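Notes for the structure review
Chain by chain, the residues run as shown.
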Amino acid sequence: MADMTAVRVLVVDDDPLVRAGLTLMLKGAEELVVVGGVADGADVGAAIEAHAPDVVLMDIRMPGLDGIDATRLLRRRPDPPHVIMLTTFDADEHVFGALRAGASGFLLKDTPPEGIVDAILRVVAGEPILSPSVTRRLIAHLTPETESRRRDDAARLLSRLSDREREVAAAVGRGLSNGDIAAELHMSVGTVKGYISRILTKTNLENRVQLALISHDAPR
């Protein structure tokens, strides 16, 4: 019988070999249990009802309903699962489409097994993740033509924060985890989470990734 405390994972990919490989790999992690797998985004809703996963590993390119549209539909559900996009493609339009749809993370399929397991555990802990190559692409979208406007927008948003909140936002912008922020700023992890929640509310941002981009844009 599966450990009821384990993180429940649903694998969504149109390639049966990929589904089988991910399932086999994740079975090696004691903290996780794979509760099912489907081949198309159109089947995700029924799989959610049947298996109640905590995290969905979602392929982007599928022949029916693609991963971005499936994620958008999932995020409209009450208490939706976290979604990590897992794909061979890291083109900008896919990154931004996934993040706008509400994905908690975006990894390439060549991510080592331990990296995928770590990503699943981190999103469940409330820390959206991106692979390093995707992070570089996100920063690369910041073109010189829009630099001044981005800087002004970031300064306006961050001006709503207290000094301590700005310190936390800057740490998020440097890619630090909650634990690292807690150690650097001498506070508990719970306090860091509370700060991040208040920062997102004050700035009307949706997630940690958007906060990281704003922090990167802010005048130094």
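What you see is a predicted model, and the numbers here were worked out from it, not measured in a lab. (Residues numbered from 1 in each chain as written. Predicted model: local features only at pLDDT ≥ 70, side-chain atom pairs only at ≥ 80, totals over all residues. Heavy atoms only, no water.)

The next point concerns the overall build of the protein. From N to C terminus, the protein includes 11 helices and six strands. The buried share among the 220 residues of the protein stands at 47%. The contacts in the protein between residues at least 6 apart in sequence include a share of 64% that link residues at least 24 apart. When the accessible surface of the protein is split by element, carbon and sulfur atoms take 54% of a total near 11,100 Å². (Helix = DSSP H or I, 4+ residues; strand = E, 2+ residues; numbered from the N terminus. Buried < 20%, exposed > 50% of the residue type's maximum accessible area, 1.4 Å probe, protein only. Contact = heavy atoms within 4.5 Å. Areas by Shrake-Rupley, 256 points an atom, 1.4 Å probe, with all protein chains shown as cover.)

Generally speaking, soluble globular proteins have nonpolar side chains that are buried together. With 22 residues, the main nonpolar core has V168, I181 and L211 as its most contacted residues. Broken down by secondary-structure element, the contributors of at least two residues to this core are α7 (147-158), α8 (163-173), α9 (178-185), α10 (189-203) and α11 (208-217). Among the elements that take part in this core, α10 stands out by supplying five residues, more than any other. The contact partners of L211, leaving out residues within four places of it in the chain, are A169, V172, I199, L200 and L205. Core analysis: the second largest hydrophobic core is formed by 20 residues, V38, V56, M62 and L108 among them. (Core = buried A, V, L, I, M, F, W, Y, C linked by side-chain atoms within 4.5 Å.)

Bringing α10 into the picture now. The end-to-end C-alpha distance of α10, which contains 15 residues, comes to 21 Å, matching closely the 21 Å that a straight helix rising 1.5 Å per residue would cover. Where α10 is concerned, the buried positions are V192, Y195, I196, I199, L200 and T203. Buried residues along α10 cover an arc of 135 degrees about the axis, so they all sit on one side. Opposite the packed face of α10, turned more than 90 degrees from it, sit the exposed residues G190 and T201. Downstream of α10 by a residue or two, N204 has a phi angle that is positive, lying close to 60 degrees. (Expected span 1.5 Å × (residues − 1). Arc of directions from axis to C-beta.)

Those residues of helix α3 (residues 67-74) that fall on the buried side of the exposure criterion are G67, I68, A70, T71 and L74. The arc enclosing the buried residues of α3, seen along the axis, measures out at 160 degrees, which places them on a common side. Measuring from the side-chain oxygen of the N-cap residue of α3 to the backbone nitrogen of I68 gives 3.1 Å; that N-cap residue is D66. (Polar contact = N/O pair within 3.5 Å; in protein donor to acceptor, adjacent residues only side chain to side chain.)

Turning to the confidence of the model for the protein, a few remarks are in order. The predicted model of the protein has a mean per-residue pLDDT of 83, with 84% of residues at 70 or higher. No element of the protein has a lower mean pLDDT than helix α6 (residues 132-140), which averages 57, and none a higher one than strand β1 (residues 7-12), which averages 96. (pLDDT = per-residue confidence, 0-100.)

With respect to the element layout, H82 can be found in strand β4 (residues 82-87). Other than its neighbours up to four places away in sequence, H82 contacts D54, V55, V56, R75, S104, V123 and V124.

The buried fraction of β4 amounts to five of the six residues, a majority that puts the element mostly inside the structure. Sheet topology places strand β3 (residues 55-58) next to β4; four bridges connect them, and they run parallel. The residue bridging V55 from the neighbouring strand is H82, located in β4. After leaving β3, the chain enters α3 and then returns to the sheet as β4, a path that is right-handed. Summarising the sheet, β4 and strand β5 (residues 105-108) pair through four bridges and their orientation is parallel. In the sheet register, T87 faces β5, and the bridge partner there is L108. (Pairing = 2+ DSSP bridges. Right-handed = clockwise from strand over helix to strand, strands pointing away.)

Where burial is concerned, the two faces of β3 agree: the one with V55 and L57 and the one with V56 and M58 are both buried. As defined by bridge partners, β1 adjoins β3 across four bridges and the pair is classed as parallel. Bridge pairing in β3 places V9 opposite V55.

Attention now goes to the side chain of R19. Its place among the elements puts R19 in helix α1 (residues 16-26). No salt bridge is formed by the buried R19, whose closest oppositely charged neighbour, D13, lies at an N-O distance of 5.8 Å. Apart from residues no more than four positions distant in its own chain, R19 is found in contact with V11, D13, D14, G37, V38 and A39. (Lys, Arg positive; Asp, Glu negative; His and termini not counted. Salt bridge = Lys/Arg side-chain N within 4 Å of Asp/Glu carboxyl O.)

Even without being glycine, D79 reaches a positive phi, approximately 50 degrees. The topology assignment puts D79 in the loop between α3 and β4.

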